[in-house]
Every structure is written in C-alpha cells, then in structure tokens.
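Fold and geometry: a report
As a plain string of letters, each chain reads:
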Amino acid sequence: LSFSTCRLVVLVSAACNAITSADETQPQVELGLAGKYAILANTGISTVPTSAITGDIAVSPIDDTAMTGFSFFIDPSTQIPTSTQLASVHHAYAANYGGSVATDLTTAVGDMVTAYNYAEGRTNDDATRTNLGEGILGGVYGGPDAPLTPGVYTFGSDVNLVSDVHLSGDGVYII
C-alpha cells in the first residue's frame with residue numbers, strides 16, 4: 001500500500017473521544033462523534049478476507065458499495081450489517097442507511113475533518129521519527145518487535161505499508 005499523493009493521518013484512540021499524546025505538552029485531538037468508529041472514511045474502505053477489525057466501521061457521504069472485500073450479513077439482533085472481519089458486536093454503517101445513521105455520519109465525518117486539520121498542524125520534534133525506515137513501515141519499523149509509539153512521524157517520500165503495522169500505547173499517531 002503506497003501513499004504518494006496524500007498525507008496519511010492516523011488517529012488512534014483507546015475507547016475515548018479525546019486523544020492525549022504520550023507527551024502531555026501536546027494538546028488533545030478531539031474526535032467528537034468520529035471516535036465512535038474504528039474506521040471512518042469518506043472515500044471507501046477495502047479489506048481482505050483475513051483482516052480482523054475491532055470496532056464499528058462507516059463510510060459517508062458515499063454509500064455502502066464503497067466498503068469492499070467484506071463478507072457482510074445482517075445481524076439479526078440489530079438488523080444492521082456486520083461481517084466476519086468485524087469482531088463480534090461491531091457493525092458497518094453507511095450514509096445511504098438514512099435516518100439517524102446518516103445524520104450521525106454527517107456529524108462524524110465533519111468531526112473527522114476537524115480532527116485531521118488540527119492534527120495535520122502538529123510538528124515532528126523527534127529526529128528518530130523522521131524518514132523512519134525510509135518510508136517502509138511494517139516488519140523492522142512498526143512491526144511486532146518495533147511497534148510505533150504515539151507521536152508525529154514525517155517522511156520525505158512515499159510511505160509503504162509492507163506488512164501489519166503495530167501501534168503501542170494510547171495517544172496520537174500522526175503519520
């Protein structure tokens with residue numbers, strides 16, 4: 001996976017709507033309603049059969065066809081789609097579900113954009129997080145033996161995720 005034409009900002013939270021940094025001098029990044037979702041996208045979500053996502057996922061303002069690769073089925077207890085790739089009790093939401101789902105997703109996407117814009121302004125004050133792995137994350141840099149820790153990571157090149165990227169610690173991860 002390569003991110004050459006966009007900036008990727010990853011906001012990670014441990015079941016909270018305001019994320020604090022490991023460095024308490026960094027102010028919180030307020031996620032608002034966006035914090036309800038493990039993945040929230042306004043362009044789409046793709047996955048593979050072996051993925052395991054713990055949390056709800058959602059797309060807006062696009063419709064549910066923008067979530068690809070999932071094995072969706074209707075949860076009989078909620079009548080909301082879930083998937084074998086989503087941990088139990090978690091669901092998939094899309095703007096075309098209408099009603100309060102669409103309203104909540106409009107708010108969540110607005111909150112996501114606000115959080116992104118705020119986080120994007122953060123600076124990298126740690127030279128060890130500059131061009132980490134020459135932009136290759138997973139394995140040696142960000143792998144299970146060297147997980148990323150909260151902070152700002154900057155790169156002068158594409159960022160390629162070559163395998164699972166492991167995160168260690170509650171806080172803000174800006175990549």
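See the structure above.
What counts, and at which threshold
Residues numbered from 1 in each chain as written. Predicted model: local features only at pLDDT ≥ 70, side-chain atom pairs only at ≥ 80, totals over all residues. Heavy atoms only, no water. Helix = DSSP H or I, 4+ residues; strand = E, 2+ residues; numbered from the N terminus. Expected span 1.5 Å × (residues − 1). Buried < 20%, exposed > 50% of the residue type's maximum accessible area, 1.4 Å probe, protein only. Arc of directions from axis to C-beta. Phe/Tyr/Trp six-rings, centres within 6.5 Å; stacked < 30°, edge-to-face > 60°. Lys NZ or Arg CZ within 6 Å of the ring centre and 35° of its normal. Lys, Arg positive; Asp, Glu negative; His and termini not counted. Salt bridge = Lys/Arg side-chain N within 4 Å of Asp/Glu carboxyl O. Contact = heavy atoms within 4.5 Å. Pairing = 2+ DSSP bridges.

This brings us to helix 1 (residues 99-120). Between its first and last C-alpha, helix 1 extends 32 Å over 22 residues, near the 32 Å set by a 1.5 Å rise per residue. Among the residues of helix 1, Ala102, Leu105, Ala108, Val109, Ala115 and Ala119 are the ones counted as buried. Buried residues of helix 1 fall within an arc of 145° about the axis and therefore sit on the same side. Of the exposed residues in helix 1, the ones pointing more than 90 degrees away from its buried face are Ser100, Thr106 and Thr114.

In this section: the packing of aromatic side chains. Using the criterion set out here, one finds two aromatic pairs in the structure. With 6.2 Å between their ring centres and 75° between their planes, Tyr37 and Tyr93 make a pair best called edge-to-face. Here the residue Tyr37 occupies a position in strand 5 (residues 37-41), and Tyr93 occupies one in strand 11 (residues 92-94), the gap between them amounting to 56 residues. The exposure class assigned to Tyr93 is buried, which follows from its relative accessible area of 11%. Residues Phe70 and Phe72 carry aromatic rings whose centres are separated by 5.1 Å and whose planes lie at 20° to one another, so their mutual orientation is stacked. The buried category is assigned to Phe70, whose relative accessible area is 11%. With a relative accessible area of 32%, Phe72 lands in the partly exposed category. Its end group placed over the ring of Tyr93, Lys36 keeps NZ or CZ at 4.7 Å from the ring centre.

A separate point is the side chain of Asp56. On the secondary structure map, Asp56 appears in strand 7 (residues 56-59). Within the buried core, Asp56 has no salt-bridge partner, and the shortest N-O distance to an opposite charge, that of Lys36, equals 4.1 Å. When neighbours within four sequence positions are excluded, Asp56 is seen to be in contact with Lys36, Tyr37, Ala38, Ile39, Val89, His90, His91 and Tyr93.

What follows concerns the pattern of salt bridges. Two side chains bearing opposite charge may form a pair once their charged atoms approach each other closely. This model, assessed by the stated rule, comprises one salt bridge. Residue Asp126 is joined to Arg129 by a salt bridge in which the shortest nitrogen-to-oxygen separation is 3.4 Å.

Moving on, we get to the environment of Leu132. Within the element layout of this structure, Leu132 appears in the loop between helix 1 and strand 12 (136-137). Residue Leu132 is classed as buried on the basis of its relative accessible area of 14%. Separated by 27 residues in sequence, Leu132 and Val159 have C-alpha atoms that sit 9.5 Å apart. Setting aside anything within four residues of it in sequence, one finds Leu132 in contact with Leu137, Tyr141, Leu148, Tyr153 and Phe155.

For the rest of this paragraph, the subject is the pairing of strand 9 (residues 72-75). With four bridges connecting them, strand 9 and strand 10 (residues 80-83) associate as antiparallel partners. Each residue of the ladder has a partner; that of Asp75, found in strand 10, is Ile80. As consecutive antiparallel partners, strand 9 and strand 10 are separated by four residues, and within that stretch Gln79 has a phi angle of approximately 65°, a positive value.

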